[in-house]
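Given next are the chains, with one letter for each unit.
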Amino acid sequence: MSAPYPEPRPPGFSLADLDSVPLFMRHLPEDDGSNNIAFEALQSLVYEGTPDENFGMVLRDTSAALMINPRSPKAYFRASAALVSLERYTEALDVCDRCLAFDPQNTSVRQQRDKVSGLKEAYERKEMEKAERLRKEREEKRVMNAAFQALNLFVLPSANNAQSQYQPHFDPAFSGLRTSATPILFPVFLLYPQHNTSDLITSFDPSASFSSHLATMFPPTPGAPPLQTAYGVRPPEKGPDWDPAGEYTTSNLSVYATTYRRRLLKIGKRMTLRDACDAAAAGAPPGEKDGLELRDGSLSFIVLPKGERERVWVDDFKRRRAAEGYQS
């Protein structure tokens, strides 16, 4: 408002003067309104502009009404309602207080003030919760990025910039504040190029070995010592449907990883995911950094049956790498 306290009513004021203010018209113009600026303004409150613009017009009209009658409870009430709609609760309370200063028994304005006070408290509580949620998200992102750096990962987006539903995540078994000590689980794709298919391990603990996961997915090799499975899951009795020849058994598999620099690493099945990450970084060419790629939130490893198929695939990879300009 233009003044902190009600101003004296202007000389010659009458309630009829409020009929010149669209928001406070008690009757529509007698003609069709086509040449009546006040009527057009009243219609614009309903039919034109965005909600914020319309509420802004309400505030302008209430200001005009209060210039004519500084003691109009109706103007104060409507100004407060418009400010509430704009989520300007502190100003809405101030408007109510100005009215109650000269009309303390006004039930409608007092009820409006109580309503605004409750809305203001709820809004402020919601904003505090939002700020805390954003703070936690920023902290968790910082911790997550620090973990990626500790594992020497190269974080890359997907080819089409669409985020996968599978992303690195904190171990749900650990509640409370996320810190650098909170375990992070990774989505890991196991690729089988021979059959053009893959498997997804949604939560691979960096401290878990590859053998523990492979033993839950493939049957043991006849005559070979059984591998310990992850999470105590019993090994399957037969292989996947896409391996009718039965080549994919736990002791007959080789695991490979390709690095950011397109180096090919053979991963021992008893190595952990963290071991694989360390190995990828340790073998970097002098003066360069290398590591595994975390592409679209996931790590990928190639799984092949030992023998001729493995040799053919490795030789083909080396040829493709050389054609891309990488040195051995």
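Cut-offs and rules
Residues numbered from 1 in each chain as written. Predicted model: local features only at pLDDT ≥ 70, side-chain atom pairs only at ≥ 80, totals over all residues. Heavy atoms only, no water. Helix = DSSP H or I, 4+ residues; strand = E, 2+ residues; numbered from the N terminus. Contact = heavy atoms within 4.5 Å. Areas by Shrake-Rupley, 256 points an atom, 1.4 Å probe, with all protein chains shown as cover. Phe/Tyr/Trp six-rings, centres within 6.5 Å; stacked < 30°, edge-to-face > 60°. Buried < 20%, exposed > 50% of the residue type's maximum accessible area, 1.4 Å probe, protein only. Pairing = 2+ DSSP bridges. Arc of directions from axis to C-beta. pLDDT = per-residue confidence, 0-100.

(A) Examining the overall build of the protein chain more closely. Each helix and strand in the protein chain was counted, giving eight helices and eight strands. Of the contacts made within the protein chain by residues no fewer than 6 positions apart, 59% connect residues no fewer than 24 positions apart. When the accessible surface of the protein chain is totalled, it reaches about 19500 Å², and 51% of it is carbon and sulfur.

(B) Here's a closer look at the packing of aromatic side chains. Applying the stated criterion across every chain yields a total of 14 aromatic pairs. Between F154 and Y260 the ring centres are 4.1 Å apart and the planes differ by 10 degrees, which places this aromatic pair in the stacked class. Here F154, found in strand β1 (residues 154-156), pairs with Y260, found in the loop between β5 (253-258) and β6 (264-267); they are 106 residues apart in sequence, far enough to count as distant. Using a relative accessible area of 32% as the deciding quantity, one classes Y260 as partly exposed. Centre to centre, the rings of W313 and F317 are 5.7 Å apart; their planes meet at 20 degrees, and the pair counts as stacked. Highlighted residues: W313 and F317, both in helix α8 (residues 308-323), separated by four residues, approximately one helical turn.

(C) Examining the pairing of strand β4 (residues 197-204) more closely. Pairing geometry for strand β3 (residues 184-192) and β4, over six bridges, is antiparallel. Each residue of the ladder has a partner; that of L190, found in β4, is D199. Remark: four residues form the turn of the hairpin made by β3 and β4, two consecutive strands paired antiparallel; N196 in that turn has positive phi of roughly 55 degrees.

(D) Representation of helix α7 (residues 273-282) within the structure. Within the sequence span of α7, burial applies to L273, A276, C277 and A280. Buried residues along α7 cover an arc of 100 degrees about the axis, so they all sit on one side. Buried residues along α7 sit against β3, β4, α6 (210-217), β6 and β8 (299-305).

(E) Quick peek at the confidence of the model for the protein chain. For the protein chain, per-residue confidence averages 83 on the pLDDT scale, and 79% of positions sit at 70 or higher. Taken element by element, the predicted model of the protein chain shows its lowest mean pLDDT in helix α1 (residues 37-47) (43) and its highest in β8 (97). Every residue in residues 25-29 scores below 50 in pLDDT, and together they form twelve contacts with partners more than four places removed in sequence or on other chains. Ignoring residues within four places in sequence, the model shows residues 36-49, a span with pLDDT below 50, making 27 contacts including any to other chains.

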